[in-house]
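# Structure assessment
Given next are the chains, with one letter for each unit.
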Amino acid sequence: MIRRELDNEEPDRLYTVTGGRSLADEPDLDIVTLIVAAAEPAPGMQSEHARILRASRTPVAIVEISADLGLPVGVVKILLSDLLRDGKITARHPSSSTRASTQLPDAATLKKVLVGLHKL
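Below you will find a few notes about this structure. Not measured: the values here are computed from a predicted model. (Residues numbered from 1 in each chain as written. Predicted model: local features only at pLDDT ≥ 70, side-chain atom pairs only at ≥ 80, totals over all residues. Heavy atoms only, no water.)

## Quick word on the overall build of the chain
When helices and strands are counted, the chain shows six helices and three strands. Looking at the chain as a whole, 25% of its 120 residues are labelled buried. Long-range pairs, those at least 24 residues apart, make up 69% of the contacts in the chain with a sequence separation of at least 6. In the form shown here, the chain has an accessible surface area of approximately 8400 Å², with 56% of it arising from carbon and sulfur atoms. (Helix = DSSP H or I, 4+ residues; strand = E, 2+ residues; numbered from the N terminus. Buried < 20%, exposed > 50% of the residue type's maximum accessible area, 1.4 Å probe, protein only. Contact = heavy atoms within 4.5 Å. Areas by Shrake-Rupley, 256 points an atom, 1.4 Å probe, with all protein chains shown as cover.)

## Some remarks on the packing of helix H3 (residues 62-69) against helix H4 (residues 73-85)
With their axes 9 Å apart at the nearest point, H3 and H4 run at an angle of 110 degrees to one another. Between H3 and H4, the crossing angle belongs to the class labelled roughly perpendicular. In this structure, H3 contributes Ile62, Ile65, Ser66 and Leu69 to the contact, and H4 contributes Val73, Val76, Lys77 and Leu80. Tallied by class, residues from the contact of H3 with H4 come to six nonpolar, one polar and one charged. (Axes fitted to C-alpha atoms, helices over the stretch in contact; angles between N-to-C directions. Parallel < 35°, antiparallel > 145°, perpendicular 65-115°, else oblique. Nonpolar A, V, L, I, M, F, W, Y, C, P; charged D, E, K, R; others polar.)

## Remarks on the nonpolar core
It is characteristic of soluble globular proteins that their nonpolar side chains tend to be buried jointly. Ranked by internal contacts, the top residues of the largest apolar core, which has 17 residues, are Ile52, Ile65, Leu71, Val76 and Leu80. Going through the elements one at a time, helix H1 (11-17), helix H2 (47-55), H3 and H4 are the ones with two or more residues in this core. The biggest single contributor to this core is H4, with five residues. When near neighbours in sequence (up to four residues on either side) are disregarded, Val76 contacts Ile62, Ile65, Ser66, Leu69 and Leu71. (Core = buried A, V, L, I, M, F, W, Y, C linked by side-chain atoms within 4.5 Å.)

## Brief notes about the sheet that holds strand E3 (residues 89-92)
What the three strands build is an open sheet, ordered E2-E1-E3; its pairing is antiparallel. A strand with exactly one partner marks an edge of an open sheet, and here the two such strands are strand E2 (60-61) and E3. In terms of strand pairing, strand E1 (residues 34-37) meets E3 through four bridges, oriented antiparallel. By the bridge assignment, Leu34 is partnered in E3 with Arg92. Lying over the sheet, H4 contacts E1 and E3, oriented at roughly 115 degrees with respect to E3. (Pairing = 2+ DSSP bridges.)

Structure, rendered in structure tokens:
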């Protein structure tokens, strides 16, 4: 992975985009949380918010939104907190779905797999 400096994103711009905030209001957001738009972009809306709503018409992970916008994940989380507060998006961690929790193996099966791996 190539790390790039914030060539095009001066700290002043990021400060402006987030309204001076450095932490998201929603601590449960992580990079794999799925975001789905619950509204369409409105006239006068901050351009980054509008871009997030257009990008999340289908479920999309926060890390993907960050890559699409070319903004740091922390900045995207702050913007997503705004949209969550306003009811413009929904957020769901993939492991919180009922389907994911019913497909997990029980502890006894996991222990047998671990014992088998140790024997290799």
